[in-house]
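# Observations on the three-dimensional arrangement
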Amino acid sequence: MDFAIALAALGTALVGGIFFAFSGFVMSGLDRLDPDDAGRAMRGINVAAVGPALLVALGGTALLVLGLTVWAFLPWTPASPWLVAAGILYLGGVGVVTGAANVPRNDRLEAGSLDWARYRPGWNAWNHVRTASGVLAGACYLAALLG
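Let us look at the structure shown here. Here the structure is a predicted model, which means the values were calculated and not measured.

### Some details on the nonpolar core
Within the largest apolar cluster, 21 residues are counted, with the highest numbers of intra-cluster contacts made by V15, Y90 and Y141. Elements with a minimum of two residues in this core: α1 (2-31), α3 (52-71), α4 (80-111) and α5 (116-146). Element by element, the count of residues in this core is highest for α1, at 6 residues. If we skip the residues at most four places from it in the chain, Y90 touches T12, V15, A57, L58, T61, A62, V65, G95 and A137. Counting residues in each nonpolar core, the second largest holds 10 residues, with L30, M42, Y119 and W123 among its members.

### Some details on the pattern of salt bridges
If you walk through the whole model with that rule in mind, you get 3 salt bridges. Two residues, D115 and R118, come together in a salt bridge whose shortest N-O distance is 3.5 Å. Look at D115 and you get partly exposed, because its relative accessible area is 41%. For R118, a relative accessible area of 48% corresponds to the partly exposed category.

### Notes on the packing of α3 against α4
In contact at an axis separation of 9 Å, α3 and α4 are set at 145 degrees when each is read in the N-to-C sense. The handedness of the crossing between α3 and α4 is left-handed. On α4, the residues touching A57, L58, T61, A62, V65, L66, L68, T69 and W71 of α3 are L83, V84, A86, G87, Y90, L91 and V94. Looking at the contact of α3 with α4 residue by residue, the class counts come to 13 nonpolar, 3 polar and no charged.

### A short note on a nonpolar patch on the surface
Residues L66, V70, F73, L74 and W76 make up a contiguous nonpolar surface patch of about 550 Å² in total accessible area. By the element assignment, V70 lies in helix α3. Using a relative accessible area of 48% as the deciding quantity, one classes V70 as partly exposed.

### Concerning the packing of helix α2 (residues 35-49) against α5
Between α2 and α5, the shortest axis-to-axis distance is 9 Å and the interhelical angle comes to 55 degrees. As far as their axial angle goes, α5 and α2 are oblique. Residues P35, A38, G39, M42 and N46 of α2 pack against W116, Y119 and W123 of α5. When grouped by side-chain class, the residues that make up the contact of α2 with α5 number 6 nonpolar, 2 polar and no charged.

### Remarks on the side chain of T69
Topologically, T69 is positioned in helix α3. One polar contact links the side chain of T69 to the main-chain carbonyl oxygen of V65, over a distance of 2.7 Å. Beyond its immediate stretch of four places on either side in the chain, T69 contacts L83, V84 and G87.

### Let's talk about α2
Between its first and last C-alpha, α2 extends 21 Å over 15 residues, near the 21 Å set by a 1.5 Å rise per residue. Listed in full, the buried residues belonging to α2 are A38, G39, M42 and N46. In a view along the axis of α2, the buried residues occupy a sector of 95 degrees, so they form one face of it. When the buried face of α2 is taken as reference, the exposed residues oriented beyond 90 degrees from it are D36, V47 and A48. On its buried face, α2 sits against α1, α4 and α5.

Rules and cut-offs
- Residues numbered from 1 in each chain as written.
- Predicted model: local features only at pLDDT ≥ 70, side-chain atom pairs only at ≥ 80, totals over all residues.
- Heavy atoms only, no water.
- Core = buried A, V, L, I, M, F, W, Y, C linked by side-chain atoms within 4.5 Å.
- Buried < 20%, exposed > 50% of the residue type's maximum accessible area, 1.4 Å probe, protein only.
- Helix = DSSP H or I, 4+ residues; strand = E, 2+ residues; numbered from the N terminus.
- Contact = heavy atoms within 4.5 Å.
- Salt bridge = Lys/Arg side-chain N within 4 Å of Asp/Glu carboxyl O.
- Axes fitted to C-alpha atoms, helices over the stretch in contact; angles between N-to-C directions.
- Left-handed = near helix turned anticlockwise from the far one by under 90°.
- Nonpolar A, V, L, I, M, F, W, Y, C, P; charged D, E, K, R; others polar.
- Patch = residues over 30% accessible without salt bridge, like charges linked within 9 Å, V, L, I, M, F, W, Y side chains within 5 Å.
- Areas by Shrake-Rupley, 256 points an atom, 1.4 Å probe, with all protein chains shown as cover.
- Parallel < 35°, antiparallel > 145°, perpendicular 65-115°, else oblique.
- Polar contact = N/O pair within 3.5 Å; in protein donor to acceptor, adjacent residues only side chain to side chain.
- Expected span 1.5 Å × (residues − 1).
- Arc of directions from axis to C-beta.

Listed below in structure tokens is the structure:
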């Protein structure tokens, strides 16, 4: 089981790191463009992102996290609170936020019903939540391994 926990730590931290890149510098770089160009570039990024690499990182990690969260209760051990906390952070802070906040904003940007000036602040704020959630979930998995 330690291998699965270590793999989950790696997966959640990797996903948090992907989101960190956007929070840390990608969005700021796009802000240096004309707003129409920034929106066009982000639409291109969004299309390219929906590919095997990101889908495996997000989805594969989510499946592993879900399994570990269920396993945490069978039986309850000293690592269980860390596993449950990691599950809540990743599934809620990454999974739910992605589906409920970031993807709908991406869809509205793609459809032209949201311009860059209205898209970026909300998208980035929710992306900060995803970043922190992924990294903190990884830290919880490390705590489960070390504790």
